[in-house]
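Now for the letters of each chain:
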Amino acid sequence: MKRIFLIGYMGAGKTTVGKNLAERMGLSFIDLDCYIENRYHKTVRQIFDEKGEEAFREIERSVLQEVALFENVLVSTGGGAPVYFDNMEFMNAKGTTVYLQVSVEELANRLELCKHTRPVLKDRCGEELKAFIAENLYKREPFYKKAAIVFNAENMLTETDVENISKTLEKLL
Ligand code: S3P
């Protein structure tokens, strides 16, 4: 039985790598944010706007506990999930955690293009976005680094890069 949790900052490639790796390993793929959106019939942004971040974190925790009962799954979590409650210890107890590590510079480049769905980033851009990511990642990394596997996911430009990352991860898992 395999249960894998992919963690990392927004824009680290958790969903992209997660889908590919799950398929390669014959596991079901669950994106925790999509799971929440389907369950609540609202986008993550709407939940943040209507109920606030604290309520979102409670929801995130409860669905994490739910999916941790499933077998032969690969779960991509939201970037904040490992940081709240005892979620990181919980994931380590229930499966194999993999941290996709990416530099601030690279995250800022990736997130500049797709920050609108991410309420935590509050439509920051340019240097302000980069400074926010640097500070936020500094606070979050001690949690991320509790992962069983810390994997450098800096180079992920092409389909082939994603394939190669998946191939390497599969061997480690
Ligand atoms: C968040 C990351 C998002 C989503 C929510 C909060 C965070 O997921 O859960 O917007 O606090 O880092 P992704 O990491 O998939 O963007």
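Everything that follows concerns the structure shown earlier in this document.
Residues numbered from 1 in each chain as written. Predicted model: local features only at pLDDT ≥ 70, side-chain atom pairs only at ≥ 80, totals over all residues. Heavy atoms only, no water.

Caption draft 1: Structural view of the sheet that holds strand 3 (residues 73-76). Ordered by their spatial adjacency, 5 strands build an open sheet running 2-3-1-4-5, and the pairing between neighbours is parallel. The two strands at the open ends of the sheet, each matched to only one other strand, are strand 2 (28-31) and strand 5 (149-152). If you compare each strand with its neighbour and ignore which way they point, the axes differ by 20 degrees on average. Inspection of the sheet shows strand 1 (residues 3-7) paired to strand 4 (residues 96-101) by 4 bridges, in the parallel sense. By the bridge assignment, isoleucine 7 is partnered in strand 4 with tyrosine 99. Sitting on the sheet, helix 2 (residues 32-40) touches strand 2 and strand 3, and the angle it makes with strand 2 is about 75 degrees. Helix 8 (residues 159-172) rests against strand 4 and strand 5 of the sheet, and its axis sits at about 160 degrees to strand 5. (Pairing = 2+ DSSP bridges. Helix = DSSP H or I, 4+ residues; strand = E, 2+ residues; numbered from the N terminus. Axes fitted to C-alpha atoms, helices over the stretch in contact; angles between N-to-C directions. Contact = heavy atoms within 4.5 Å.)

Caption draft 2: Fine view of the side chain of serine 76. Considering the arrangement of structural elements, one finds serine 76 in strand 3. Of the polar contacts made by the side chain of serine 76, one reaches the backbone oxygen of lysine 14; its length is 2.9 Å. With residues up to four places along the chain from it excluded, the contact list for serine 76 reads Leu6, Lys14, Thr15, Gly18, Phe29, Ile30, Asp31 and Leu32. (Polar contact = N/O pair within 3.5 Å; in protein donor to acceptor, adjacent residues only side chain to side chain.)

Interpretation note: all reported values are geometric properties and have no functional meaning in isolation.
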